[in-house]
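Topology and contacts: notes
The residues making up each chain are set out below.
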Amino acid sequence: MDVIIKNLGLIINATLVATPPLLYAALGSCFSERSGVVNIGIEGMMTIGAFTGAVVAYFSHNAWLAFLCGGLAGAFFGLLHAIACVSFCADQTISGTAINFLAPGFAIFLSKAMFNQSSDTPPIDAAWKLPKMFNDVFEPGSFLSNVFNTYSAAYLAFIAVAVAWFIFYKTKLGLRIRAVGEHPKACDTLGINVFRVRYFCVILSGFLAGIGGAYVTLATVNQFRPIVIVGQGFIAIAAVIFGKFRPQGAMIGCLIFGLCNGVKILASAGNKVSPNLISMIPYVVTIIALILFVGKARVPAANGKPYEKSK
């Protein structure tokens, strides 16, 4: 029984560690998609955020500054996506794909330029990582310690879900975001600046994806490597589809995928199953979720459709 309880605590803790980067990115995707702009560049924005977070932490020794800078790096590429899709009415899928090539390539280029031709950044010292909460509250090794002794930025991700829900459904801004994603022309006739709302949402999506990427290097991996994100951006997008483009639904999807990562970590420790098969778990679950739920999710009516202001 003690072993079962201990393993359960470890799975929950691994879930709480693995879920936040997906959740930050998924919330960013919610804002962009609900405003009518498809953003499949989440993966690239997470990657540049992961690189920026690792570099800033290495040079500044300040995890929170690095966390913020990771978000700003993602926001910059969100701005590029907004310029292409909102101002110039480019194909949103192609623009997002370009971001997924451009941002990681830029990160590797800068890494090689800064760290003696290495595509990996130097390891981050434990003192420069994001702090943990409840580190000394519970007895080390106990069930509660295993469950709750995780990074403070992880809890911020769940708070962000409540904030996003409040913005979407209890504020005038949220009403405008949802309206612009459904009927931009009607919003324009009512004096709502469609371009401004979409710019805000796409840049915010980049910022949230960036801090999701920074979380990975500042909490779990301890350095930037080209494969550090490994599809987490696409998993976040799948969670948004699973959650029907709502923050609370996306959170449930991210928790499911985070749980898969927790099971993967525990299964890896046993060394009884092939590591390659274990690594497939989150991606197989993602494919199954898309097959089961993509047809049932109601996409915002104007999602993916460039809006040109009437003259």
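Structure: above.
What comes next is a walk through the structure. (Residues numbered from 1 in each chain as written. Predicted model: local features only at pLDDT ≥ 70, side-chain atom pairs only at ≥ 80, totals over all residues. Heavy atoms only, no water.)

1. Some thoughts on the overall build of the chain
What counts, and what does not: Strands here mean DSSP runs of E at least two residues long; helices mean DSSP runs of H or I at least four residues long; both are numbered from the N terminus. In this treatment the radius of gyration is a C-alpha quantity, and the globule benchmark scales as 2.2 Å times the residue count to the 0.38 power. Three labels apply to residues, based on accessible area from a 1.4 Å probe with only protein chains included: buried if under 20% of the type maximum, exposed if over 50%, partly exposed otherwise in between. Should any heavy atoms of two residues lie within 4.5 Å, those residues are considered in contact. Here the Shrake-Rupley method, with its probe set to 1.4 Å, supplies the accessible areas, and only the displayed protein chains count as covering residues. For the purpose of charge, His is not counted, nor are the chain termini; Lys and Arg are scored as positive and Asp and Glu as negative. Each charge is placed at NZ for Lys, CZ for Arg, CG for Asp and CD for Glu.
When you go through the chain residue by residue, the secondary structure sums to 13 helices and zero strands. For the chain, the α and β elements follow one another from N to C terminus as α-α-α-α-α-α-α-α-α-α-α-α-α. For the chain, the C-alpha radius of gyration of 20 Å lies close to 19 Å, the compact-globule estimate for 311 residues. Expressed as lengths along the three principal axes of its C-alpha atoms, the size of the chain is roughly 70 × 45 × 35 Å. Out of the 311 residues in the chain, the part that is buried amounts to 50%. When contacts within the chain are restricted to residue pairs at least 6 apart in sequence, long-range pairs at least 24 apart make up 77% of them. Split by element, the accessible area of the chain, about 14,400 Å² in all, is 69% carbon and sulfur. One way to put it: in the chain the 22 positive side-chain charges average out to a point 10 Å from where the 11 negative ones average out.

2. Comments concerning helix 6 (residues 152–170)
The condition is simple: A helix is expected to span 1.5 Å multiplied by its residue count minus one.
The end-to-end C-alpha separation of helix 6 is 26 Å, in line with the 27 Å expected for 19 residues at 1.5 Å each. Looking at helix 6, one finds that the buried residues are S152, A153, A154, A157, A160, V161, A164 and F168.

3. Some details on the packing of helix 2 (residues 42–60) against helix 9 (residues 194–220)
The line we're drawing: Axes here mean lines fitted to C-alpha atoms, for a helix over just the part in contact, with angles spanning 0 to 180 degrees between N-to-C directions. An angle below 35 degrees is treated as roughly parallel, one above 145 as roughly antiparallel, one from 65 to 115 as roughly perpendicular, and anything else as oblique. Put simply, a crossing is left-handed when the front helix is turned counterclockwise from the back one by less than a right angle, and right-handed when it is turned clockwise.
Taken N-terminus to C-terminus, the directions of helix 2 and helix 9 make an angle of 50°; their axes are 6 Å apart at the nearest point. Considered as vectors, helix 2 and helix 9 are oriented oblique to each other. Read as a crossing pair, helix 2 and helix 9 show a hand that is right-handed. Of helix 9, the residues touching helix 2 (which contributes I42, M45, M46, G49, A50, G53, A54 and A57) are S205, G206, A209, G210, G212, G213, A214, T217 and L218.

4. Observations regarding the packing of aromatic side chains
Going by this rule: The pairing test for Phe, Tyr and Trp rings, Trp by its six-membered ring, is centres within 6.5 Å, and the orientation test on the planes gives stacked under 30 degrees, edge-to-face over 60, and tilted for anything in between.
According to the stated counting rule, one finds 14 aromatic pairs in the structure shown. Between F31 and F168, the aromatic rings sit 4.8 Å apart at their centres with planes inclined by 25°, giving stacked as the arrangement. In this pair, F31 is assigned in helix 1 (residues 2–34) and F168 in helix 6, connecting sequence segments 137 residues apart. Note on accessibility: F31 and F168 belong to one class, buried.

5. Re the environment of F207
Looking at the element boundaries, F207 is found in helix 9. Here the alpha-carbon distance between F207 and F77, two residues 130 residues apart in the chain, equals 8.8 Å. If near-sequence neighbours (up to four positions away) are discounted, F207 is found in contact with L68, G71, L72, G74 and A75.

6. Thoughts on a nonpolar patch on the surface
As a reminder, the rule being used: A residue counts toward a patch only above 30% relative accessible area and without a salt bridge, and it is joined to like-charged neighbours within 9 Å or, for Val, Leu, Ile, Met, Phe, Trp and Tyr, to nonpolar neighbours within 5 Å. In what follows, salt bridge is the name for a side-chain nitrogen of Lys or Arg lying within 4 Å of a carboxyl oxygen of Asp or Glu.
Taken together, the side chains of L277, M280, V284, I287, I288, I291 and L292 present a nonpolar region at the surface, about 680 Å² in accessible area. Here the element with the most residues in the nonpolar patch is helix 13 (residues 281–293); it accounts for five residues. Here V284 lies in helix 13.

7. Examining the packing of helix 2 against helix 4 (residues 92–114)
Just so we agree on the cut-off: Classes in brief: Ala, Val, Leu, Ile, Met, Phe, Trp, Tyr, Cys and Pro nonpolar; Asp, Glu, Lys and Arg charged; the others, Gly included, polar.
At their nearest, the axes of helix 2 and helix 4 sit 6 Å apart, and the two run at 20° to each other. Classed by the angle they form, the pair helix 2 and helix 4 counts as roughly parallel. Both helix 2 and helix 4 take part in a crossing whose hand is left-handed. Contacts between helix 2 and helix 4 pair I42, E43, G44, M45, T47, I48, F51, V55 and F59 from the former with I99, N100, A103, P104, F106, A107, L110, S111 and M114 from the latter. Taken together, the residues of the contact of helix 2 with helix 4 break down into 13 nonpolar, four polar and one charged.

8. Re helix 3 (residues 63–87)
Spelled out, the test is: Polar contacts here mean pairs of N or O atoms no more than 3.5 Å apart (in protein, one a potential hydrogen donor and the other a potential acceptor; neighbouring residues in sequence count only if both atoms are side-chain atoms).
Taking 1.5 Å as the rise per residue, helix 3 with 25 residues should run 36 Å; its terminal C-alpha atoms sit 35 Å apart, in good agreement. Its side-chain oxygen placed 3.1 Å from the backbone nitrogen of W64, N62 serves as the N-cap of helix 3. Once helix 3 finishes, C89 follows within two positions and takes phi at roughly 55°, a positive value.

9. Some details on the nonpolar core
Spelled out, the test is: To qualify as a nonpolar core, a set must consist of buried Ala, Val, Leu, Ile, Met, Phe, Trp, Tyr and Cys residues joined through side-chain atoms within 4.5 Å.
Core analysis: the largest hydrophobic core is formed by 72 residues, its most contacted members being F67, L130, Y215 and L218. With residues up to four places along the chain from it excluded, the contact list for L218 reads G53, A57, A63, A66, F67, I124, W128, K129 and L130. In this structure, V37, A82, C85 and V86 belong to the second largest nonpolar core, which totals five residues.

10. Notes on the environment of K170
Mapped onto the secondary structure, K170 falls in helix 6. Here K170 falls in the exposed class, since its relative accessible area comes to 53%. Along the backbone, K170 and P282 are 112 residues apart, and their C-alpha atoms lie at a distance of 34 Å.

11. Here we look at the environment of I252
When you line up the elements, I252 lands in helix 11 (residues 247–270). Relative accessible area serves as the criterion here: at 45%, I252 is assigned to the partly exposed category. When the C-alpha atoms of I252 and V56 are compared, they prove to be 32 Å apart, with 196 residues separating the residues in sequence.

By themselves, these figures tell us nothing about what the structure is for.
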